[in-house]
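The chain contents come next:
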Amino acid sequence: SQTIHQWPATLVQPVGSPLSLECTVEGTSNPNLYWYRQAAGRGLQLLFYSVGIGQISSEVPQNLSASRPQDRQFILSSKKLLLSDSGFYLCAWAKTDNMRGYTFGSGTRLTVV
Amino acid sequence: SQQGEEDPQALSIQEGENATMNCSYKTSINNLQWYRQNSGRGLVHLILIRSNEREKHSGRLRVTLDTSKKSSSLLITASRAADTASYFCATRDSSYKLIFGSGTRLLVRP
């Protein structure tokens, strides 16, 4: 069966520090991968998605970046965090036909202080 | 950007009652999906309805889709306290992107 792992679960980082969140998928190949951010009590905002290794599409210009160094690995990064980067970050994967639902990781709650 | 908007934003019902949530969207879609999120957790996929379908059932869930009105509804019948969560609709067009609405917070009182 397919599983998705996302870590860490919580993170408190000072303003200006770097960020690296990792997401890996097991049990499938060539998945579509997604990073979303959720502000408190709000919906999900699509940040990045990837349909293949090295292929990254950015939805929202900001000081975040994403990379896909391996087929089933998706990394969200920042060189210098801002207070506004605080939120709940969710990784998800889907089959390329996208005719089934997305599977989400358990999320990372990031607080920038 | 957010494609879908759920209505109501919050809903409080008694256990055993039915809960209806509505979703409106703006552009043409390939399919529409409903997700559930317990507080502080990841999202769980509930049901997917394709653009050429009008109604779909899964257990106590019933989803309708009206593409002419660009709207969908999620009905949860015989609600339980464990159904307390936030519910989101999400739409997928011909691209690889799934765009979420703002969600409905459902509280089922025991």
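Residues numbered from 1 in each chain as written. Chains lettered and ligands numbered in written order. Predicted model: local features only at pLDDT ≥ 70, side-chain atom pairs only at ≥ 80, totals over all residues. Heavy atoms only, no water.

## A closer look at the state of the cysteines
Considering all chains together, one arrives at two disulfides over all chains under this definition. Covalently, C23(A) is tied to C91(A) through a disulfide, its sulfur atoms 1.9 Å apart. Looking down the S-S bond of the C23(A) and C91(A) bridge, the torsion is -75°, so its handedness is left-handed. Taken as a pair, C23(A) in strand β3 (residues 19-26) and C91(A) in strand β9 (residues 87-94) lie far apart in primary sequence, 68 residues in all. Taking the relative accessible area as the measure of exposure, C23(A) reaches 1% and is therefore buried. For C91(A), a relative accessible area of 0% puts it in the buried group. In this model C23(B) forms its disulfide with C89(B); the gap between the sulfur atoms is 1.9 Å. (Disulfide = S-S within 2.5 Å. Helix = DSSP H or I, 4+ residues; strand = E, 2+ residues; numbered from the N terminus. Buried < 20%, exposed > 50% of the residue type's maximum accessible area, 1.4 Å probe, protein only.)

## Observations concerning the interface of chain A and chain B
Contacts between the two partners involve 24 residues from chain A and, on the opposite side, 23 residues from chain B. Counting each side, the surface lost to burial between chain A and chain B is near 1800 Å², with a carbon and sulfur contribution of 57%. It is L44(A), M99(A) and Y102(A) that lose the most area in chain A upon contact with chain B, and together they represent 30% of the buried surface on that side. In this assembly, chain A and chain B are joined by one salt bridge. (Contact = heavy atoms within 4.5 Å. Buried area = accessible area lost by both parts, 1.4 Å probe. Salt bridge = Lys/Arg side-chain N within 4 Å of Asp/Glu carboxyl O.)

## Focus on the layout of surface pockets
Vacant regions in the atomic arrangement are exposed by a probe of water-molecule size rolled over the atoms. The computed volume of the largest pocket comes to approximately 310 Å³. As for the largest pocket, its lining consists of 20 residues, and the residues nearest its centre are Q38(A), G41(A), Q37(B), S39(B) and S86(B). Counting only elements with at least two residues in the lining of the largest pocket, the list comes to β9 (85-92) and β11 (104-109) of chain B. With three residues, the single largest contributor to the lining of the largest pocket is β9(B). Broken down by class, the residue content of the lining of the largest pocket amounts to five nonpolar, eleven polar and four charged. (1 Å grid on protein atoms, 1.4 Å probe; cavity = no way out; pocket = protein on both sides within 12 Å on 5 of 7 lines; lining within 4 Å. Points joined across faces, edges and corners; volume = space filled by probe spheres on them. Nonpolar A, V, L, I, M, F, W, Y, C, P; charged D, E, K, R; others polar.)

## Points about the pairing of strand β2 (residues 10-14) of chain B
Residues and elements named next belong to chain B. Taking every second residue as pointing to the same face, the buried face of β2 carries L11 and I13, while none of A10, S12 and Q14 on the other face is buried. The pairing of β2 with β11 spans five bridges and is classified as parallel. Paired with L11 across the bridge in β11 is L106. (Pairing = 2+ DSSP bridges.)

## Some remarks on unusual backbone geometry
Cis rather than trans, the peptide bond between W7(A) and P8(A) has omega equal to 0°. Of the consecutive residues D7(B) and P8(B), the connecting peptide bond is found in the cis state with omega at 0°. For P8(B), the position within the fold is in the loop between β1 (5-7) and β2. For N30(A), which is not a glycine, the phi torsion comes out positive at approximately 50°. Looking at where N30(A) falls in the secondary structure, it is placed in the loop between β3 and β4 (32-38). Even without a glycine there, the phi angle at A78(B) is positive, about 45°.

## Points about the pattern of salt bridges
Side chains that differ in charge, positive against negative, can pair when their charged atoms come close. Under the definition given, this model contains seven salt bridges over all chains. Between R68(A) and D71(A) there is a salt bridge whose closest N-O contact spans 3.2 Å. One salt bridge connects R62(B) with E55(B), and the closest N-O pair in it is separated by 3.1 Å. In this structure R62(B) comes out as partly exposed when scored by relative accessible area, which is 30%. The structure contains a network of salt bridges with shared partners spanning R36(B), R60(B) and D83(B).

## Focus: the sheet that holds strand β6 (residues 55-58) of chain B
All names here are of chain B. Overall, antiparallel pairing links the five strands, which are arranged β1-β3-β8-β7-β6 in an open sheet. Strands with a single pairing partner mark the edges of an open sheet, and in this sheet they are β1 and β6. Within this sheet the neighbouring strands show an average axis-to-axis angle of 20°, counted without direction. Direction of pairing for strand β7 (residues 61-66) relative to strand β8 (residues 71-76): antiparallel, over a ladder of six bridges. Following the sheet pairing, T64 is matched in β8 by S73. (Axes fitted to C-alpha atoms, helices over the stretch in contact; angles between N-to-C directions.)

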